[in-house]
Amino acid sequence: QAGTRAWSRVLSMVQRVTYRRRMSFATKSNVVRKVRTPGGKLTLQYVGKQAKRTGCGESGCDRPLSGIKAHRPQELKRISKRQKTVSRPYGGAKCGKCVRTRIIRAFLIEEQKIVKKVLKAQTAEQPKK
C-alpha cells in the first residue's frame with residue numbers, strides 16, 4: 001500500500017501545460033519547449049524557427065556567404081549594415097570565389113580586346129608593304 005501511495009504522489013505532481021498563444025496546432029511556427037521556472041512552475045517556451053545563412057547571389061552557386069551569420073528576415077532588418085556585409089566588392093551579395101571569377105573574366109575579356117586590336121593593326125600594316 002505504501003508503494004501505491006508513492007505512485008499516486010508522482011502522478012499528482014505532473015503539471016499540465018497549455019499553449020500561451022492562440023494557435024492550438026503543432027505547426028512549424030508553434031514549436032514549444034517545457035521549461036521549469038525558478039518558482040518551480042512548468043511553463044512553455046516558444047522555440048523560434050531555425051535561421052538559414054545568406055547564400056551567394058550568383059546563379060548556380062549556392063554557397064553560404066562567409067563572414068555573415070544566420071538570421072531570420074525580421075532580425076536582418078533590425079541589425080546594422082556592418083553585420084550584413086563584408087568589406088569587398090559584392091560583399092554580402094556574392095561569395096569570394098564568384099567575385100574572383102568575375103574579376104578574372106573581366107580581365108581576360110579586356111586582354112582579348114587588346115589582342116584583337118593589335119592583330120588588326122598588324123594585318124592593316126602588311127598589305128602596305
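Here goes a summary of the coordinates provided. (Residues numbered from 1 in each chain as written. Predicted model: local features only at pLDDT ≥ 70, side-chain atom pairs only at ≥ 80, totals over all residues. Heavy atoms only, no water.)

### Some words on a positive patch on the surface
Now for step 1: On the surface, a cluster of positive charge is contributed by Arg63, Arg88, Lys97 and Arg100.
Now for step 2: Assessed through its relative accessible area of 49%, Lys97 is described here as partly exposed. (Patch = residues over 30% accessible without salt bridge, like charges linked within 9 Å, V, L, I, M, F, W, Y side chains within 5 Å. Areas by Shrake-Rupley, 256 points an atom, 1.4 Å probe, with all protein chains shown as cover. Salt bridge = Lys/Arg side-chain N within 4 Å of Asp/Glu carboxyl O. Lys, Arg positive; Asp, Glu negative; His and termini not counted. Charge placed at Lys NZ, Arg CZ, Asp CG, Glu CD. Buried < 20%, exposed > 50% of the residue type's maximum accessible area, 1.4 Å probe, protein only.)

### Here's the deal with the pairing of strand 1 (residues 32-36)
Now for step 1: Pairing of strand 1 with strand 2 (residues 42-46), which is carried by five bridges, proceeds in the antiparallel orientation. Note that in strand 2 the partner of Val35 across the bridge is Thr43.
Now for step 2: The hairpin formed by strand 1 and strand 2 contains five residues between the paired strands, and Gly40 there has a positive phi angle of roughly 90 degrees. (Pairing = 2+ DSSP bridges. Helix = DSSP H or I, 4+ residues; strand = E, 2+ residues; numbered from the N terminus.)

### A word on the packing of aromatic side chains
Now for step 1: This model, assessed by the stated rule, comprises zero aromatic pairs.
Now for step 2: Positioned over the ring face of Tyr46 is Arg21, at 3.8 Å from the centre of the ring. (Phe/Tyr/Trp six-rings, centres within 6.5 Å; stacked < 30°, edge-to-face > 60°. Lys NZ or Arg CZ within 6 Å of the ring centre and 35° of its normal.)

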